[in-house]
Amino acid sequence: MTKWLPLLVLGCCISAQADLVPVDDAALGEVQGAGLGVVFENFAFEAGESVSAGNRLDISGITNSSGQPVVLGVSQFYIAGSGSNQGANVIGNPVNLGRLAYPFNLELVNGDVLGISDKAIFEFTAPSRLIGQSSGNDSMLVLATENRTERRFPGLPVATGSRVDRVTGIDTSVLTSREGERPDMGVRFDVNVSGTTTQSLQSHITGLAVDGSYVRLWGDNNEMIGNLGIKAVADSLTFFACNEDGNNCGDNVVFTDFIIESELGSGEDQPVTFEVDASGNFTVEVGSIAGKSNSFYQNYYNNGPRTDVYIGDVTVAGQSFGSTTISNLQIQYLKATSRDL
Amino acid sequence: MKALILSCALLILPALALEPLDSQALAEVTGQGGVYLSGDLTINDTGGPLNRDGPSQNGYSWQTACGVNTTDKRCGGRIAVNTDQSGGWLVLDNIRGRFAFEGLTLTTRRIDSGFDGDGANFNRDVMEIGLPDQLDYNDVSFTIANSNAPRPTDAGFQQTDIMTLNINGTVNQQGNVLLFPTGAP
């Protein structure tokens, strides 16, 4: 007992003097917890269907240019397995979202791993992507490039560089979501102006996958900042309008093989902020990259965040308009602020 | 006669001493797991504490009647989030309505097969949330807004309502949400 007595006394002293000490960013940056994987098994969802039975999902607060109130009444919003037939076959046609091996994931990540030093990053990720067999990276777009020798800007020296020439294929080996794990999704809006339903707009997506998308959030200088990655692929996007009772629908606008791969923000060097300013207006900002070093720019232009959009075919009323590509779009500064009207 | 012997045996059994189960035997025990939940939640249906007991400074008269269809800001719940210490607030305002579900289940489940071949490799326990087939909404509404202050009673309060969502009726769904730990802590 005498052996333990000093230890006991010491223990009492320690607990009496211990205080909670705030953890600084550097210490918090070392935190790495286990993530929480989320998988939706046999999932189907349908809201707003059968308006006649009193079901409503209304979005209000919008006015048209004449100041009349506009209500968007969602007469159907659905998520279902493939073959949903534009929302006709939802309940009983389920889909798995996320895989046990590649789930949706919520995690607190050590920022050092992501190039954001000494920060703990809250990360929400969709199922991850793999290195594509033909694209050679985690992009679904197989690109043909060409070397061009030209002036990059009028009056500047001629330089040689590699340019994207065209998209030659779509590499689905990048996706971890398999064919049966890509849901159909759609929404039907009834547009109601001053109490009168004027038209119905519909959009339907088939074979959607959001693999590789992410949201990363952390705090710095007393504000919340983040990086965003939006990566989506859909077999088709269909839009059309009908009259107020949902009949006499107009011609379809169809995007086939739609791919968007967009990253916003680059670690701490280019943070993205979503905030409300002191006057109550909403502001989205993608930080400026002005005044950085040459080596930063070299790396930013080669490996920095960029946006690629590809649509395999655009058809309007069955008439093909061919493919559309936007490649290597880099947002170097963006600030958008709302104004109260 | 057989039944008589059996009932005698049952009478004797309680007199026997309880034997502790060893770890190995205990590991073989499988219990009936899971919880079945139904719920009915009403938020600020006829107003909340603010419209009854709220302060009346800054020109706000908080006391007001909060009927089912009123859109008065004092009646619903309010969540205000500040993402920049020197900036304004992202607001979910006027949260009201009634929300009911029947048949939400909570259970744990061992997955060691299925899932198109993923199950055998996974071979672990998951937390399974069985989604209710039907969610019933009754005048559920909330407003997404931006504000320069957390509370409508703060001095110089300004708020821009962006849009209001009203949900009424039934949402149908099916499926399970599976939750499990990932990564290496």
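Residues numbered from 1 in each chain as written. Chains lettered and ligands numbered in written order. Predicted model: local features only at pLDDT ≥ 70, side-chain atom pairs only at ≥ 80, totals over all residues. Heavy atoms only, no water.

(A) Examining the overall build of chain B more closely. In terms of regular secondary structure, chain B is built from four helices and six strands. Counting from the amino terminus, helix and strand elements in chain B follow one another as α-α-β-α-β-β-α-β-β-β. Counting over 185 residues, chain B shows a buried share of 35%. Sequence separation of 24 or more characterises 62% of the internal contacts of chain B that already satisfy a separation of 6 or more. Surface summary for chain B: the accessible area is close to 11,300 Å², and the carbon and sulfur share equals 57%. (Helix = DSSP H or I, 4+ residues; strand = E, 2+ residues; numbered from the N terminus. Buried < 20%, exposed > 50% of the residue type's maximum accessible area, 1.4 Å probe, protein only. Contact = heavy atoms within 4.5 Å. Areas by Shrake-Rupley, 256 points an atom, 1.4 Å probe, with all protein chains shown as cover.)

(B) Inspection of the nonpolar core at higher detail. With 23 residues, the main nonpolar core has A:Phe43, A:Phe45, A:Leu57, B:Tyr137, B:Ile167 and B:Val171 as its most contacted residues. Secondary-structure elements contributing two or more residues to this core are strand E1 (35-47), strand E2 (56-63), strand E3 (69-80) and strand E4 (95-97) of chain A together with strand E3 (89-111), strand E5 (134-147) and strand E6 (159-182) of chain B. Look past the residues within four positions of A:Phe43 in its chain and what remains in contact with it is A:Ile79, A:Pro94, A:Val95, A:Leu97, B:Leu131, B:Gln174 and B:Gly175. (Core = buried A, V, L, I, M, F, W, Y, C linked by side-chain atoms within 4.5 Å.)

(C) Representation of the packing of aromatic side chains within the structure. Residues and elements named next belong to chain A. Counted according to the given criterion, the structure contains eleven aromatic pairs over all chains. Measuring from centroid to centroid gives 6.1 Å for tyrosine 297 and tyrosine 301, while their planes differ by 15 degrees, and the two rings are stacked. Linking tyrosine 297 with tyrosine 301, this pair stays in helix H3 (residues 294-303), spanning four residues, or about one helical turn. Among the aromatic residues, those joined into a cluster by ring pairs are Phe296, Tyr297, Tyr300 and Tyr301. Between the NZ or CZ atom of arginine 216 and the centre of the ring of tyrosine 214, over which it lies, the distance is 4.0 Å. For the cation-ring pair, lysine 292 lies above phenylalanine 296, with the distance from its terminal atom to the ring centre recorded as 5.5 Å. (Phe/Tyr/Trp six-rings, centres within 6.5 Å; stacked < 30°, edge-to-face > 60°. Lys NZ or Arg CZ within 6 Å of the ring centre and 35° of its normal.)

(D) Summary view of the interface of chain A and chain B. Opposite the 53 residues of chain A that make contact, chain B presents 43 residues. It is A:Glu41, A:Leu100 and A:Val276 that lose the most area in chain A upon contact with chain B, and together they represent 20% of the buried surface on that side. The interface formed by chain A and chain B contains three salt bridges. With a shortest N-O distance of 3.2 Å, B:Asp118 and A:Arg178 are connected by a salt bridge. Counting across the chain A and chain B interface gives 21 residue pairs in polar contact (both at pLDDT 80 or more). Only E1, E2, strand E5 (104-110), strand E12 (223-242) and strand E14 (272-276) of chain A provide two or more residues apiece to the side of chain A that touches chain B. Looking at which element gives the most residues to the side of chain A that touches chain B, the answer is E1(A), with 13 residues. (Buried area = accessible area lost by both parts, 1.4 Å probe. Salt bridge = Lys/Arg side-chain N within 4 Å of Asp/Glu carboxyl O. Polar contact = N/O pair within 3.5 Å; in protein donor to acceptor, adjacent residues only side chain to side chain.)

(E) View of H3(A). Residues and elements named next belong to chain A. For H3, the complete set of buried residues consists of Phe296, Tyr297 and Tyr300. All buried residues of H3 lie within an arc of 95 degrees about the axis, which places them on one face of the element. Projecting away from the buried face of H3 at angles above 90 degrees are the exposed residues Asn294, Ser295, Gln298, Asn302 and Asn303. (Arc of directions from axis to C-beta.)

(F) Local environment of the environment of A:Asp308. Residues and elements named next belong to chain A. Along the chain, the position of aspartate 308 falls in strand E16 (residues 307-316). By relative accessible area, aspartate 308 is classed as buried at 3%. Excluding residues that lie within four positions of it along the chain, aspartate 308 makes contacts with Leu141, Ile259, Ile260, Glu261, Ile326, Ser327 and Asn328. A polar contact is formed between the side chain of aspartate 308 and the side chain of serine 327, at a distance of 3.2 Å.

(G) Focus on the side chain of A:Ser60. Note on placement: A:Ser60 falls in strand E2. Assessed through its relative accessible area of 16%, A:Ser60 is described here as buried. Every residue in contact with A:Ser60, bar those within four places of it in the chain, is listed here: A:Val70, A:Val71, B:Met163, B:Thr164 and B:Asn166.

(H) Structural view of unusual backbone geometry. Backbone geometry places A:Asn221, a non-glycine residue, at a positive phi of 50 degrees. Assignment of secondary structure puts A:Asn221 in the loop between strand E11 (214-220) and E12. Exposure remark for A:Asn221: the relative accessible area of 65% places this residue in the exposed category. One non-glycine residue, B:Asn123, adopts positive backbone phi at about 45 degrees.

(I) Broad picture of the confidence of the model for chain A. Considering every residue of chain A, the mean pLDDT works out to 86; 88% of them sit at 70 or more. Note on residues 7-16 of chain A: pLDDT is under 50 here. Beyond four places in sequence and across chains, it has one contact. (pLDDT = per-residue confidence, 0-100.)

(J) Local environment of the pairing of E16(A). All names here are of chain A. Taking burial as the measure, the ten residues of E16 include seven buried ones, the bulk of the element. Strand direction decides the pairing type here: E16 and strand E18 (residues 324-329), joined by four bridges, are antiparallel. Note on E18: the bridge partner recorded for threonine 307 is leucine 329. Linkage of E16 to strand E17 (residues 319-320), two consecutive antiparallel strands, is achieved through a turn of two residues, within which alanine 317 is found at a positive phi near 55 degrees. (Pairing = 2+ DSSP bridges.)

(K) Quick look at the pattern of salt bridges. Going through the model one piece at a time under the given rule, you end up with 19 salt bridges over all chains. Notably, a salt bridge pairs A:Arg166 with A:Asp165, separated by 2.6 Å at the nearest N-O pair. When the shortest N-O distance is used, the salt bridge between B:Arg78 and B:Asp93 registers 3.3 Å. Here B:Asp93 lies in strand E3 and B:Arg78 lies in strand E2 (residues 77-81), a separation of 15 residues in the sequence. Through salt bridges with shared partners, one network takes in A:Arg99, A:Arg178, A:Glu181 and B:Asp118.

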